[in-house]
Amino acid sequence: PDVKDAPHAPPLRLTDARRGAHVEFRMVDFSYPTQQSRGLRQLCFATPPGTTTAIVGPTGAGKSTISRLLFRFYDVDAGAVLVDGQNVSAVTQASLRHAIGVVPQDTVLVSHAAAQTLHDRILPIRSCRSSCACDPDTVDRPTPRSCIGM
C-alpha cells in the first residue's frame, strides 16, 4: 500500500541537526500485508543523538524492516516510530527522508567496472603527471602507454 502524508503534515523539525536526532521505536508491531509471518512485536529501542547504531541479527530478524519503518515506506500496525519526539506518521515523508542517513551492510560504493576504470585511467594519469615526462595538457586524452603502471 502507498503511504501518504497526513493532510497539512508539517516537516520534521530536528532539535539540533548538527548533532543528530533521538530515534525511538516505542512498542512497535508490524507485519507485511502480503506475508503470514509474525513480523515485529512490541519492538522497543532508542538511540540518542550523535551516536552510531548498528542493527544486527540473522536473516529474517527484521533489520531491513526497521529501516523501512524509519523511512516510513510502511506504517506500523501499533506503537510509534519517533524522531526527536515526533511521530514519523505525522510529518512529511520528504522531510523525514531528508534528515536520515543509513549505511547498509552490503554497501557498494563503486562497481567493479568503475573501479577498474579508475585504476586504469585516473590513477596512471596522476602518476604520469608527477613521475613521467607527459604533457599535463593531454590528461583528457588516453594515457600514454609509457606511463601506465608507474
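Residues numbered from 1 in each chain as written. Predicted model: local features only at pLDDT ≥ 70, side-chain atom pairs only at ≥ 80, totals over all residues. Heavy atoms only, no water.

1. Regarding the sheet that holds strand β3 (residues 78-83)
Sheet architecture is open: 4 strands sit in the order β2-β1-β3-β4, paired in antiparallel fashion. Since the sheet does not close on itself, it has two edges, and those belong to β2 (40-47) and β4 (86-87), each with one partner. The pairing of β3 with β4 spans 2 bridges and is antiparallel. By the bridge assignment for β4, V83 is matched with Q86. (Pairing = 2+ DSSP bridges. Helix = DSSP H or I, 4+ residues; strand = E, 2+ residues; numbered from the N terminus.)

2. Thoughts on the confidence of the model for the protein
Averaged over all residues, the pLDDT of the protein is 78; the fraction at 70 or higher stands at 67%. Low confidence marks residues 124-150, where pLDDT is under 50. Its contacts with residues over four positions away, or in another chain, come to 22 contacts. (pLDDT = per-residue confidence, 0-100. Contact = heavy atoms within 4.5 Å.)

3. Section: the packing of aromatic side chains
For the coordinates displayed, the defined rule picks out 5 aromatic pairs. With centroids separated by 4.8 Å and ring planes inclined at 15°, the aromatic side chains of F25 and F45 adopt a geometry described as stacked. A residue pair is termed long-range when its members are at least 10 positions apart, and F25 in strand β1 (residues 23-30) and F45 in strand β2 qualify at 20 residues. Taken together, the aromatic side chains of F30, Y32 and Y74 make up a single cluster linked through ring pairs. (Phe/Tyr/Trp six-rings, centres within 6.5 Å; stacked < 30°, edge-to-face > 60°.)

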